[in-house]
Structure formats: structure tokens, C-alpha cells
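Each chain, written out:
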Amino acid sequence: MLVVSVLARKGGTGKSTAVRCLAVEALKAGRRVVVIDADPQPTCFRWGQRRAAAGIPVPLVVVPAPGGLAAQIEGFRAQGVDLILVDTPPTATPAVNAALDSSTGALVVTRPNPEDLESVQESLRVASAQKRRTGVILWQSPPDKRVRAVALAREALVAMGADVCPTAVSASISYPYAYAEGLTPQEREPEGRARAELAEVWGWLQRSGIMAIGPYDGGASKVPDQDAGTQADGTAKRVRAKTSSRKELVA
Ligand SMILES: Nc1ncnc2c1ncn2[C@@H]1O[C@H](COP(=O)(O)OP(=O)(O)OP(=O)(O)O)[C@@H](O)[C@H]1O
Ligand SMILES: [Mg+2]
């Protein structure tokens, strides 16, 4: 099982959005994926609740269990979960360190602007201090590929020694629209540019090893029956996902 923490010191870079989109990519690949929303502003958790209310109970989205992240992650391992994505707050809090402690890898999400890039170095330092395999994704990039900001940002990241995803994820209004509907852009606009870009990002994460989960074992039928859910108020809640739920995802 892989556990990947998504981080950035800067607020609003797209961490939570990336977690949701990559969780859905994992579901599309037939994987059992769980999101742990370790941000006190539980954006992903709310999104998960919106989906569950709409009859789409995957991915399972939970908040950190009172017993600690490590024990919670072990619980999911015992259930045969393939991938856990941990969303983290944009601060240097114990929550981020705890997430990295329990992670196999890390992803730093940054916009291609100097303000964000200045803080990437610190995120890379924290992740590499813990010897976590770490990648960087450029997010909310200008859709017009002629704009030099992306190339300049990539150069700056490479100079930091970062492993940068070759696909920069474009800014698109379909991301906030999808969030409002409890969806991701891949699900909302199956023919859209976001879907193609996110598939490329997923491919890179497999190749780079950061999220290379191993050979597909026919796990689509095993996506459901994930439990150990925890509500935002910290109370335990059992969540059962339906087998049919994956059919609602874009294939
Ligand atoms: N590719 C994108 N194109 C356009 N808007 C985006 C994109 N990705 C994210 N957004 C929007 O940017 C805002 C911030 O995104 P998000 O909440 O994912 O950032 P974050 O890094 O998790 O923020 P925080 O630091 O507060 O946790 C949201 O309104 C989201 O809908
Ligand atoms: Mg967030």
C-alpha cells in the first residue's frame, strides 16, 4: 500500500483539488483508494460527504482518527486499500509531520508563480529530510502554453533538484464547478482538457514510482467495503461503499 501526502506551504495552490482528482484517477484504474483529510478546514471531507449524499461513496474520505494517523493507516492496510492520499494544511503543523511520518511518498503542488515557488524549497526539504520520494506538480498553470511562466517555473524547480511532472495542470473553471457538484473535472467533463492532463499526471506518477501501485489485480470489485470512517467531529462512523458506485465514474 502506498501513502502519499500532498503538501505545500503556500495556501490555495491546489493541494486538496489534486488529492480529489488523483483519488478519482486511482478509482478509474480500479484501485482501492482512501483520502485522509488532515486539514482542519476539511474541504475534501465535505466533498466526500457531498458525493456520499449523491450516491457516490467512493473514494472514502475521512478525517484523522483520534487514535492517530499511523494506526488509522494500518487499519486501511489490513483492509487491502491500495493507496491513501493525505491532504495537508498549508502550514508547518504537527499534522504535516505526522502525515509525512506515515507516508511512502510526497507530492508538492505549486502554481507557476514566484511566491509559490519560494516556498517549494521548504516543502522539498521537509519531505527529503524524511527520505520520502517526492514529486512536484505545477498546478493552475496558464492554459496558453506559449506563456513563459510554466517554463520558467519548471527551470526554477529543476534547479532546486525537484522531480517535476512533465504535464502542467491548466487553470480551468471546471475545477471549482466540479467541487461544487461533489465531482472532479474528469467526471464532470469526460471530454475535457482537464481529464487528459490528469491522466498524464497519473501516468507520470506511475512511471516515477511515487504512486506506482504495482500490477493491477482486478481490484475494481474490491473497491467497496471500506470502513474505519471518521466524521469531522471525531466520532467513528462506518461507511460502506456500494459495488455499483464505480460505474458512476468515468471509465
Ligand atoms: N486547475 C485549477 N484551475 C482553476 N482553479 C483551480 C484549479 N485547481 C484548484 N482550483 C481552485 O483553486 C482554489 C484553491 O484550491 P484548493 O482548495 O485545492 O487549494 P489548497 O492548496 O488545498 O488550499 P489550502 O492551502 O487552503 O488548503 C479552489 O477554489 C479550487 O477550486
Ligand atoms: Mg486544501
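Residues numbered from 1 in each chain as written. Chains lettered and ligands numbered in written order. Predicted model: local features only at pLDDT ≥ 70, side-chain atom pairs only at ≥ 80, totals over all residues.

The name given to the chain in an unreviewed UniProt entry is Chromosome partitioning protein, with the source organism recorded as Muricoccus pecuniae.

1. What about the overall build of the chain?
For the chain, the count of helices and strands is nine helices and eight strands. Counting only residues that meet the buried cut, the chain has 47% of its 251 residues in that class. Taking the intrachain contacts of the chain between residues at least 6 apart in sequence as the baseline, contacts between residues at least 24 apart amount to 73%. (Helix = DSSP H or I, 4+ residues; strand = E, 2+ residues; numbered from the N terminus. Buried ≥ 20, exposed ≤ 12 C-beta atoms within 10 Å, placed from the backbone. Contact = placed C-beta atoms within 7 Å.)

2. Quick notes on the packing of helix H1 (residues 15-28) against helix H9 (residues 193-208)
For any two helices packed against each other, the geometry comes down to the angle between their axes and how far apart the axes lie. Look at H1 against H9: their axes get within 10 Å of each other, and the N-to-C directions meet at 75 degrees. Classified by the angle between their axes, H1 and H9 sit roughly perpendicular to one another. Two secondary-structure elements touch here, H1 through Cys-21, Leu-22 and Glu-25 and H9 through Leu-198, Ala-199 and Trp-202. Here the residues of the contact of H1 with H9 are counted per class, giving five nonpolar, no polar and one charged. (Axes fitted to C-alpha atoms, helices over the stretch in contact; angles between N-to-C directions. Parallel < 35°, antiparallel > 145°, perpendicular 65-115°, else oblique. Nonpolar A, V, L, I, M, F, W, Y, C, P; charged D, E, K, R; others polar.)

3. Notes on the nonpolar core
Ile-84, Leu-85 and Ile-137 are the most contacted members of the largest nonpolar core, which has 70 residues in total. Ranked by the residues each element gives to this core, the list is headed by H1, at eight residues. When sequence neighbours within four positions are dropped, the list of residues in contact with Ile-84 reads Met-1, Val-3, Val-34, Ile-36, Ile-73 and Phe-76. (Core = buried A, V, L, I, M, F, W, Y, C linked by C-beta atoms within 7 Å.)

4. Things to note about unusual backbone geometry
Cis geometry marks the peptide bond from Val-58 to Pro-59, where omega comes out at -5 degrees. Relative to the assigned elements, Pro-59 resides in the loop between helix H2 (43-53) and strand E3 (60-62). We note that Gln-140 has phi near 55 degrees; this positive angle belongs to a residue other than glycine. For Gln-140, a count of 21 C-beta atoms within 10 Å translates into the label buried.

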